[in-house]
Amino acid sequence: MIEAKGLSKVFGSGDTQVHALRDVSLSIKENEFVAIMGSSGSGKSTLMNILGCLDTPSSGQYALAGQPVSSLDDTSLSAMRNQHIGFIFQSFHLLPRLTAAENVALPLRYTDIPTEIALQRAEHLLQQVGLGHRMDHKPYEMSGGQRQRVAIARALVNSPKVIFADEPTGNLDSKTSVEIMQLLTNLHQQGNTVVMVTHEDEIAAYAQRVIRMRDGIIIEDSLCQA
Ligand code: ADP
Ligand code: MG
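Below: a short report on this structure. Bear in mind that the values here come from a model prediction, so they are computed numbers and not experimental data. (Residues numbered from 1 in each chain as written. Chains lettered and ligands numbered in written order. Predicted model: local features only at pLDDT ≥ 70, side-chain atom pairs only at ≥ 80, totals over all residues. Heavy atoms only, no water.)

So, about the overall build of the protein chain. Looking only at helices and strands, one finds 7 helices and 10 strands in the protein chain. For the protein chain, whose C-alpha radius of gyration is 17 Å, the value lies close to the compact-globule estimate of 17 Å for 226 residues. If you line up the protein chain on its principal axes, its C-alpha atoms span 50 × 40 × 35 Å. When each of the 226 residues of the protein chain is scored for burial, the buried share is 48%. In the protein chain, the proportion of contacts linking residues at least 24 apart, taken out of those at least 6 apart, comes to 69%. Entry remark: accessible area of the protein chain is about 11200 Å², with carbon and sulfur atoms responsible for 46%. (Helix = DSSP H or I, 4+ residues; strand = E, 2+ residues; numbered from the N terminus. Rg over C-alpha atoms; globule rule 2.2 N^0.38 Å. Buried < 20%, exposed > 50% of the residue type's maximum accessible area, 1.4 Å probe, protein only. Contact = heavy atoms within 4.5 Å. Areas by Shrake-Rupley, 256 points an atom, 1.4 Å probe, with all protein chains shown as cover.)

Put into structure tokens, the structure is as follows:
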């Protein structure tokens with residue numbers, strides 16, 4: 001599903017140059033549940049953004065679902081994202097003026113799926129994440145956990161091949177975090193590939209495989225015990 005070879009990412013130039021990734025190679029198979037761990041600044045988000053086609057590497061090769069992406073232009077990258085990838089962020093990234101259902105349906109606006117069908121699909125997904133009674137609520141009318149459920153439903157709306165979650169429980173209390181992790185675990189059990197960034201051991205424990213980063217390199221890649 002994910003084949004990355006020799007990925008490097010350099011930000012800035014001259015004295016202020018930062019090597020966020022140094023020669024990172026990684027492969028992730030379909031239906032794996034992977035946690036990427038490491039302290040702040042170790043390159044987790046940079047790696048995630050490249051794997052999620054939000055950013056391109058300075059050098060190295062990357063193929064997603066058999067398609068080479070490291071050389072794509074912005075238009076093709078965003079097409080790749082719309083078709084194959086679902087994102088979940090720490091701060092939810094919902095649009096404040098849209099209802100839950102409209103937020104979930106939003107990624108489909110850039111496809112040829114009619115609005116009516118898109119909204120039906122959004123409502124179905126909101127029911128699946130336990131928010132059937134909150135379809136018409138705006139983000140500010142919902143708790144953090146509910147907002148993250150909306151974001152998860154939105155991540156699923158294009159039936160992605162891979163779900164990327166960057167610190168999905170970073171803004172949630174521990175009880176809500178457990179609920180969100182149960183949802184991600186369900187998605188994995190339904191056959192989805194899930195790649196999640198976290199710096200918390202309890203959260204990483206939900207994954208099957210843990211990749212640890214430090215200073216832009218992978219220092220450990222291990223399978224978790226069941
Ligand atoms: P993590 O997610 O593990 O905290 P990041 O991938 O965000 O780490 O950052 C890795 C390094 O790259 C850090 O030193 C960070 O300051 C730097 N960095 C990340 N994004 C940028 C950027 N857009 N411009 C300049 N430096 C960046
Ligand atoms: Mg980060």
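Before going further, it helps to spend a moment on the pairing of strand E10 (residues 217–223). Relative to E10, strand E9 (residues 209–214) runs antiparallel, the two sharing 6 bridges. When the sheet's bridge partners are listed, Arg214 is paired in E10 with Ile217. Hairpin connection from E9 to E10: 2 residues lie between these consecutive antiparallel strands, with Asp215 at a positive phi of about 50°. (Pairing = 2+ DSSP bridges.)

All residues adjacent to ligand 1 are Phe11, Val18, Ala20, Ser39, Ser40, Gly41, Ser42, Gly43, Lys44, Ser45 and Thr46. Here Ser45 contributes a backbone N or O atom positioned 2.9 Å from an oxygen atom of ligand 1. One nitrogen or oxygen atom from the side chain of Thr46 is found 2.6 Å from an oxygen atom belonging to ligand 1. Considering ligand 1 on its own, with 560 Å² of exposed area, one finds that the protein chains cover 58% of that surface. Looking at the shell around ligand 1, the elements with two or more residues in it are strand E2 (18–28) and helix H1 (44–51). Residues belonging to the shell around ligand 1 are distributed by class as follows: 3 nonpolar, 7 polar and 1 charged. (Near = heavy atom within 4 Å. Polar contact = N/O pair within 3.5 Å; in protein donor to acceptor, adjacent residues only side chain to side chain. Nonpolar A, V, L, I, M, F, W, Y, C, P; charged D, E, K, R; others polar.)

By the definition in use, this model includes 6 salt bridges. When the shortest N-O distance is used, the salt bridge between Lys175 and Glu179 registers 3.5 Å. With a gap of 4 residues between them, Lys175 and Glu179 both fall in helix H6 (residues 174–189), about one helical turn apart. Since its relative accessible area comes to 27%, Glu179 is described here as partly exposed. With a closest N to O distance of 3.3 Å, Glu220 and Arg212 form a salt bridge. (Salt bridge = Lys/Arg side-chain N within 4 Å of Asp/Glu carboxyl O.)

Contact geometry of helix H4 (residues 115–128) with helix H5 (residues 144–156) gives a least axis separation of 9 Å together with a crossing angle of 130°. Here H4 lies oblique to H5, going by the angle between them. Remark: the crossing between H4 and H5 carries right-handed chirality. Only Val150, Ala153 and Leu156 of H5 make contact with H4, whose side of the interface consists of Arg121, Leu125 and Leu126. (Axes fitted to C-alpha atoms, helices over the stretch in contact; angles between N-to-C directions. Parallel < 35°, antiparallel > 145°, perpendicular 65-115°, else oblique. Left-handed = near helix turned anticlockwise from the far one by under 90°.)

What follows concerns the sheet that holds E10. Taken in spatial order, the 6 strands make up an open sheet running E6-E7-E8-E3-E9-E10, and their pairing is mixed. In this open sheet, the two strands that pair with only one neighbour each are strand E6 (85–89) and E10. Adjacent strand axes in the sheet meet at a mean angle of 15° when their direction is disregarded. In the packing of H1 onto the sheet, the strands contacted are strand E3 (33–37), E6, strand E7 (162–166), strand E8 (193–197) and E9, and the crossing angle to E7 comes to about 155°.

Attention now goes to H4. Its 14 residues place the ends of H4 20 Å apart at the C-alpha level, agreeing with the 20 Å of an ideal helix rising 1.5 Å per residue. Buried within H4 are the following residues: Ala118, Ala122, Leu125 and Leu126. For H4, the arc enclosing every buried residue in end-on projection is 100°, short of the 170-degree limit, so these residues lie on one face. With its phi angle positive at about 80°, Gly130 sits one or two positions after the end of H4. (Expected span 1.5 Å × (residues − 1). Arc of directions from axis to C-beta.)

These figures come from the coordinates and say nothing about function on their own.
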